[in-house]
Amino acid sequence: MKNLFVVTHAEARHHIEKKVGGWYDSDLTEQGRRDAKVAADRLAAMVGGSSVEIFSSDLLRASQTASIIADLLKCSLELDSGLREMSCGSAEGRPQEWLDVRQTPAPDDNRLDHRGGISGAETRRELADRVFRSVDMIIQRQCSTQIIVTHGFALTFVVAAWIKMPIEACGHVSFPARPGSITHLREDDHWRSRAVVSLADTTHLIANGRNG
């Protein structure tokens, strides 16, 4: 049995400043650090005493979240740029309203290669290619309990890779997730079926007084 827990990083400074994220390297807010600790406590209960590996996007908000989890679980942490959020190119770090008035809708005939009209922005195909590679590398390892810390939109592609969705089918898929969420993925030993046990769960944050 393999259990994979996917965590979306906690609240970051660009969230409260209403700036575009992507590869813009903002750090966690104080609330984000508290939420990351709550998520770490929840993960500790979920994994029990199992030996754990943790992998994280190398962007600051994700790696800070992962470090809080790794410290509590007393396990090593490996950073992987393949787990980064989708790049927003020239929009990164700008006010969200700057992007909102410039971004163009994706066409139905080729959503995978659309850059949104933003210079340097990443396509869904490019995002899927690198996330799929990272996820495949991680789950091929022998450890049966693993944690991935990534980003809100990138989570969709981690789940897509887990269920072996073809990249060509990723043009429309989306699994919305709030900061600090936990997704539980499991593969059984007999059929090798890959289940989505829970998706983008934030009940641990709600129980700690955060809004749902």
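Check the entry above for the structure.
Predicted model only: the values in this text are computed from it and were never measured.

Trainee: Could you give me a rundown of the overall build of the protein, with the residues and numbers involved?
Mentor: Looking only at helices and strands, one finds seven helices and six strands in the protein. Ordered by position in the sequence, the α and β elements of the protein form the string β-α-α-β-α-β-α-α-β-α-β-β-α. Over its C-alpha atoms the protein spans a radius of gyration of 17 Å, differing by no more than 12% from the 17 Å that the globule rule assigns to 212 residues. Across its three principal directions, the C-alpha atoms of the protein cover 50 × 40 × 30 Å.

Trainee: Give me the lowdown on the nonpolar core, citing residues and values where you can.
Mentor: Ranked by internal contacts, the top residues of the largest apolar core, which has 27 residues, are Leu4, Val6, Phe132, Val135, Ile148 and Cys170. At the level of elements, strand 1 (2–8), helix 5 (124–139) and helix 6 (154–162) are the ones that each hand at least two residues to this core. When sequence neighbours within four positions are dropped, the list of residues in contact with Leu4 reads Ile139, Gln146, Ile147, Ile148, Trp162, Thr183, His184 and Leu185. Of all hydrophobic cores here, the second largest spans 21 residues; its members include Leu28, Ala39, Ala40 and Ile182.

Calculation notes
Residues numbered from 1 in each chain as written. Predicted model: local features only at pLDDT ≥ 70, side-chain atom pairs only at ≥ 80, totals over all residues. Heavy atoms only, no water. Helix = DSSP H or I, 4+ residues; strand = E, 2+ residues; numbered from the N terminus. Rg over C-alpha atoms; globule rule 2.2 N^0.38 Å. Core = buried A, V, L, I, M, F, W, Y, C linked by side-chain atoms within 4.5 Å. Buried < 20%, exposed > 50% of the residue type's maximum accessible area, 1.4 Å probe, protein only. Contact = heavy atoms within 4.5 Å.

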